[in-house]
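Geometric and topological summary
Take a look at the letters that make up each chain.
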Amino acid sequence: MRSEPTMTSLNVDLGDRSYAVEIGNGLIETAGARIKAVVPSSQVFVITDENVAASWLAPLQKSLDHHGIKHATKIFPPGEQTKSIRCIDELTAWLLDQGIDRKTTLVALGGGVIGDLTGFAAAITLRGVPFIQIPTTLLAQVDSSVGGKTGIDTPQGKNLIGAFHQPLLVLADTDTLNTLPRRQVLAGYAEVVKYGMISDPAFFDWCEMNAQALVDGDAEARRYAIEQSCRAKAEIVADDEREAGRRALLNLGHTFAHAFEAEAGYSDKLLHGEAVAFGCLCAFELSHRLELCTGQDVVRVARHLEGIGLPTSVKNIAEPHWTPELIIGHMSKDKKTESGQLTFVLARAIGEAFTTRDVPADLLNALVADMMAR
Ligand code: NAD
Ligand code: GLY
């Protein structure tokens, strides 16, 4: 029998820019009241994509109407291609044509693509307007909607143009996950278990026990996972908003992930969360080769990811021109590179991640070659 979820409210503590992350079911139906309580004027613009609009736009609009909030909506095509210069151009032009002023609030209703695009538009339009996140994918509910990283992709790489701009409020409605395709739920789960691998071995244990229920639709397992993830992220963001240090731990697996995603063309061939799962395994294997963590830790990570259905190999999607040199070339363009040196997030154990620049090039080359062949 599936359990009923409870409601949770967390605070991201950033002084006068602090905000609440509310997690639970039915939040879109009641969003009007929650939004009215935080916005500086009763006009909002809702930004969403076609897939999300089909199920979740009408209940949001109804709730806004019910609370006397004026609104207009801009709908984009779904997919990573929407996080582009072309769409930010289109969105900012639309906002200006609609007569946006500095008290108008943007509402991002969607996954990480809509959240990152809307947040960036909010950061740059009129030099900054407020925005609210209503994340509708598991990935967005546990990661991208919290913490204020916003941005778009360019032909040079992912998220290379952007700004830090914190939302006024995050409403993570667990009901939205009921219309999310299973593959997207799984991809989002990779960002959940990542928090266990970074700093919370007990949460990794919980994930081993409960991941299947979560993926299969257990609402309370989902709410608990979102709460633990947002709690961990809120604590790190409050401590290191601009990623001067500790926040970089959240990039566990991401330097590898972005390199493989780039070669896969940021497409359905390899979703971001799938790439993160494989990237986390690469990070643990590298840690083991550097004699930092045990082989048992690597086996445990691989077994869990594989067991739940996340990729622990890229062999079936690799193309003949994919070489370790090509992948390492992408890695060296990562925005965390300083003076040509890459920053790695490695681990001394599950739940003990740390950052280092100290990885010998030959060891990295061998690791990437072996991981691509597994
Ligand atoms: P996404 O926004 O593309 O959503 C995935 C797919 O699910 C899309 O087709 C979308 O239309 C559909 N969808 C969304 N919600 C739905 C729902 N409730 N029901 C049915 N379909 C739904 O992808 P994502 O995985 O949410 O986000 C990935 C993006 O997030 C990447 O661009 C990544 O770089 C970014 N990201 C940003 C941060 C950050 O801190 N800002 C962190 C992690 C990832
Ligand atoms: N997703 C990584 C971060 O927000 O820092």
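Everything here concerns the structure above.
Since this is a predicted model, take the numbers as computed values, not measurements.

The rules we used
Throughout, a residue's number is its position along its own chain's written sequence, starting from 1. Labels follow written order: the first chain is A, the first ligand is 1, and so on. Totals for whole chains, interfaces and linings use all residues, but because this is a predicted model, local features are given only for residues with pLDDT of at least 70 and pairs of side-chain atoms are given and counted only at 80 or more. Here the side-chain values reflect all heavy atoms present in the structure, with hydrogen atoms and water set aside. In this text, buried Ala, Val, Leu, Ile, Met, Phe, Trp, Tyr and Cys residues form a nonpolar core when linked through side-chain atoms within 4.5 Å. The rule is simple: take the accessible area with a 1.4 Å probe, protein chains only, and divide by the maximum for that residue type; under 20% is buried, over 50% is exposed, in between is partly exposed. In this description, contact between two residues means that some pair of their heavy atoms is separated by no more than 4.5 Å. A run of DSSP states H or I qualifies as a helix once it reaches four residues; a run of E qualifies as a strand once it reaches two. Both are numbered from the N-terminal end. Residue count minus one, scaled by 1.5 Å, sets the expected span of a helix. Arc definition: directions from the helix axis to the C-beta atoms. The rule for a residue being near a molecule or strand is that one of its heavy atoms must lie within 4 Å of it. Here a polar contact is taken to be a pair of N or O atoms separated by no more than 3.5 Å, where protein atoms must pair a possible hydrogen donor with a possible acceptor and residues adjacent in sequence count only if both atoms sit in side chains. Using a 1.4 Å probe, the Shrake-Rupley method yields the accessible areas, and only the shown protein chains count as cover for residues. Here the nonpolar group is Ala, Val, Leu, Ile, Met, Phe, Trp, Tyr, Cys and Pro; Asp, Glu, Lys and Arg are the charged ones; every other residue, Gly included, is treated as polar. Any two strands between which DSSP finds at least two bridges are classified as paired. Every angle, taken between N-to-C directions, lies between 0 and 180 degrees, and every axis is a line fitted to C-alpha atoms, over only the stretch in contact when it is a helix. Under this scheme an angle from 65 to 115 degrees is roughly perpendicular, one under 35 degrees roughly parallel, and one over 145 degrees roughly antiparallel; angles in between are oblique. In this scheme the handedness of a crossing depends on how the near helix is turned from the far one: anticlockwise by less than a right angle means left-handed, clockwise means right-handed.

Some points on the nonpolar core
Generally speaking, a soluble globular protein has its nonpolar side chains buried in company with each other. Core analysis: the biggest nonpolar cluster contains 82 residues, and Y189, F256 and M331 have the highest contact counts within it. Among all residues touching F256, those that are not within four sequence positions of it are G279, C282, A283, L286, M331, F344, L364, L367 and V368.

Focus: helix α13 (residues 361-373)
Side chains that are three or four residues apart share a direction in an α-helix, a result of its 3.6 residues per turn. Taking 1.5 Å of rise per residue, 13 residues should cover 18 Å, and α13 covers 19 Å from first to last C-alpha, within 8% of that figure. Where α13 is concerned, the buried positions are L364, L367, V368, M371 and M372. The buried residues of α13 occupy an angular sector of 125° when the element is viewed end-on, so they sit on one face. Buried positions along α13 lie against α9 (254-263), α10 (272-289), α12 (324-331) and β10 (344-347).

Quick notes on unusual backbone geometry
The phi dihedral of N159 falls on the positive side, at around 60°, and the residue is not glycine. When you line up the elements, N159 lands in strand β8 (residues 157-164). Located in the positive-phi region is E243, a residue other than glycine, with phi close to 60°. Looking at the secondary structure, you find E243 in the loop between α8 (219-239) and α9.

A short note on the site of ligand 2
As a structural note, the neighbourhood of ligand 2 is formed by D143, K149, K233, E243, R247, L250 and N251. For ligand 2, an oxygen atom lies 2.8 Å from a polar atom in the side chain of K149. Here an oxygen atom of ligand 2 and a side-chain polar atom of R247 are 2.8 Å apart. Protein contact buries 88% of the 200 Å² of open area that ligand 2 shows by itself. A class-by-class count of the residues in the shell around ligand 2 yields one nonpolar, one polar and five charged.

Re the sheet that holds strand β5 (residues 105-110)
Judged by pairing direction, the sheet is mixed, and its seven strands sit side by side in the order β1-β2-β9-β6-β5-β3-β4 without closing on themselves. Pairing within the sheet leaves two strands with one partner each, and these edge strands are β1 (8-12) and β4 (70-76). Neighbouring strand axes in the sheet, compared pairwise and without regard to direction, differ in orientation by 15° on average. In terms of strand pairing, strand β2 (residues 19-24) meets strand β9 (residues 169-173) through five bridges, oriented parallel. Opposite G24, over in β9, you have D173 as the bridge partner. Each of β3 (43-49), β4, β5 and β6 (131-135) is contacted by helix α2 (residues 50-66), which is oriented at about 160° to β3, the strand it contacts most. Set on the sheet, helix α3 (residues 85-97) makes contact with β3, β4 and β5; between it and β4 the angle comes to about 160°.

Focus: the packing of α10 against α13
α13 packs onto α10 with a crossing angle of 135° between their chain directions and a minimal axis gap of 10 Å. Here α13 runs oblique to α10, going by the angle between their axes. By crossing handedness, the relation of α10 to α13 is classed as right-handed. Facing α10, whose interface residues are F278, L281, C282, E285, L286 and R289, α13 presents L363, L364, A366, L367, D370 and M371. Residue composition of the contact of α10 with α13, by class: nine nonpolar, no polar and three charged.

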